[in-house]
Amino acid sequence: MRTPRRTPGLLARLAGLVLLPVAAAQAQEGNLNTGVAVYRGAAAQHVDVTVVHGITRSDQLPPRLLAVRKRLSRGARVRFDQLRDLADHRDGNAAFQLANRLDLQARPDLAADIAHYYGIAAVTGSGGAIFGFVEALDRVDPERTSAGRLEVLKNALLAYATAGSSAATEALIRHHVSGTPFGPMQAELEALAAREGAQGAEAAALQLASEILQDGAAAPEDLRRARGYLEAAGRGHSLRHQLIVQNLQPVVDLRLAEAVALAALTRREGPR
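This section reports on the structure supplied with the text. (Residues numbered from 1 in each chain as written. Predicted model: local features only at pLDDT ≥ 70, side-chain atom pairs only at ≥ 80, totals over all residues. Heavy atoms only, no water.)

### Details of the overall build of the protein chain
(1) Moving on: The helix and strand tally for the protein chain stands at twelve helices and zero strands.
(2) Moving on: Seen in sequence order, the protein chain has helices and strands lined up from the N terminus as α-α-α-α-α-α-α-α-α-α-α-α.
(3) Moving on: Put simply, the protein chain has 272 residues, and 49% of those count as buried.
(4) Moving on: Residue pairs at least 24 apart in sequence account for 62% of intrachain contacts in the protein chain once pairs closer than 6 positions are excluded.
(5) Moving on: For the protein chain, the accessible area works out to roughly 13,500 Å², and carbon and sulfur atoms hold 54% of it. (Helix = DSSP H or I, 4+ residues; strand = E, 2+ residues; numbered from the N terminus. Buried < 20%, exposed > 50% of the residue type's maximum accessible area, 1.4 Å probe, protein only. Contact = heavy atoms within 4.5 Å. Areas by Shrake-Rupley, 256 points an atom, 1.4 Å probe, with all protein chains shown as cover.)

Put into structure tokens, the structure is as follows:
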């Protein structure tokens, strides 16, 4: 089965045709495939995900960090090296504070470190860290980041996308389209789209359908998959997604009819 070329074009253009005023309850929904996110709205959906168990009690730390954690919990400032030591022991609060401190320096070479520490905060249950995480992820240079760290960052992103974070889903689609910093994430998008009824599944399904439709030589079996993705997306609760599906369904039906007719003609004429 041929993998269609990844492009945001068709879905982005159709999204522009059907954009409606966004209600407060939909404020976290991203403007798919345009790189413009609106998930920081006041009514943004809050998702907490615990992938690894972080520090919850001071007695889980080595003695040198006990006083540091107490000072941090009181809001007192601690030295950078102590904060990093605490964050490296998976203290979510320390990781979040360290990422914030690094972020203020606005240095591109620190993007992977910033994403790493926001990621620690996120996967130990601090859902609010996902916003800083996805913003830092946009700045990560894969050529200057180890494969191991990229895998950790990718897993954090997938955990939040799977849990229903629209911020993470929008970032997953964006990084899949750009191919950086993780390379294509076709399998990850397909797995998300297969979680029918889950937050993010509709957006993933629409992206996969639009990629197939952008392939001018898509085979009938690929176009049938695109129709299946659209049907799944249309069963969701997002009015915006339903309107996009309504625009795309006639396109896929026409393309499928043409592809089937062409295949039948080719079989009748046989090899030349």
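### Concerning the packing of aromatic side chains
(1) Moving on: Overall, the coordinates contain one aromatic pair when judged by the stated rule.
(2) Moving on: Here the aromatic rings of Phe96 and Tyr118 are separated by 5.7 Å at their centres, their planes lie at 65 degrees, and the arrangement is edge-to-face. With Phe96 in helix 4 (residues 92-103) and Tyr118 in helix 5 (residues 111-123), the pair connects residues that are 22 residues apart, well separated along the chain.
(3) Moving on: On the basis of relative accessible area, Tyr118 is assigned to the buried category, the value being 4%. (Phe/Tyr/Trp six-rings, centres within 6.5 Å; stacked < 30°, edge-to-face > 60°.)

### Let's talk about the pattern of salt bridges
(1) Moving on: Overall, the coordinates contain 13 salt bridges when judged by the stated rule.
(2) Moving on: When the shortest N-O distance is used, the salt bridge between Arg174 and Glu170 registers 2.2 Å. Remark: Glu170 and Arg174 occur in helix 8 (residues 166-178); sequence separation between them is four residues, near one turn of the helix.
(3) Moving on: For Glu170, a relative accessible area of 3% translates into the label buried.
(4) Moving on: Within this structure, Asp138, Glu170 and Arg174 form a network of salt bridges that share partners. (Salt bridge = Lys/Arg side-chain N within 4 Å of Asp/Glu carboxyl O.)

### Section: the environment of Gln199
(1) Moving on: Relative to the assigned elements, Gln199 resides in the loop between helix 9 (186-193) and helix 10 (201-214).
(2) Moving on: As a C-alpha pair, Gln199 and Ala163 span 36 residues in sequence and 7.4 Å in three-dimensional space.

### Regarding the nonpolar core
The tendency in soluble globular proteins is for nonpolar side chains to be buried as a group.
(1) Moving on: Core analysis: the biggest nonpolar cluster contains 72 residues, and Tyr117, Phe133, Leu137, Leu157, Leu172 and Leu223 have the highest contact counts within it.
(2) Moving on: At nine residues, the largest contribution of residues to this core is made by helix 5.
(3) Moving on: Not counting residues within four places of it along the chain, the set of residues in contact with Leu157 comprises Phe133, Val134, Leu137, Ala168, Ala171, Leu172, His175 and Phe182. (Core = buried A, V, L, I, M, F, W, Y, C linked by side-chain atoms within 4.5 Å.)

### Some words on unusual backbone geometry
(1) Moving on: Put simply, Thr180 and Pro181 share a cis peptide bond, and its omega is 5 degrees.
(2) Moving on: Along the chain, the position of Pro181 falls in the loop between helix 8 and helix 9.
(3) Moving on: Phi at Arg90 is positive, roughly 65 degrees, even though this residue is not glycine.
(4) Moving on: In this structure, Arg90 sits in the loop between helix 3 (80-88) and helix 4.
(5) Moving on: Look at Ala106: it is not a glycine, yet its phi comes out positive at around 50 degrees.
(6) Moving on: Relative to the helices and strands, Ala106 resides in the loop between helix 4 and helix 5.

These values are about where atoms sit, not about what they do.
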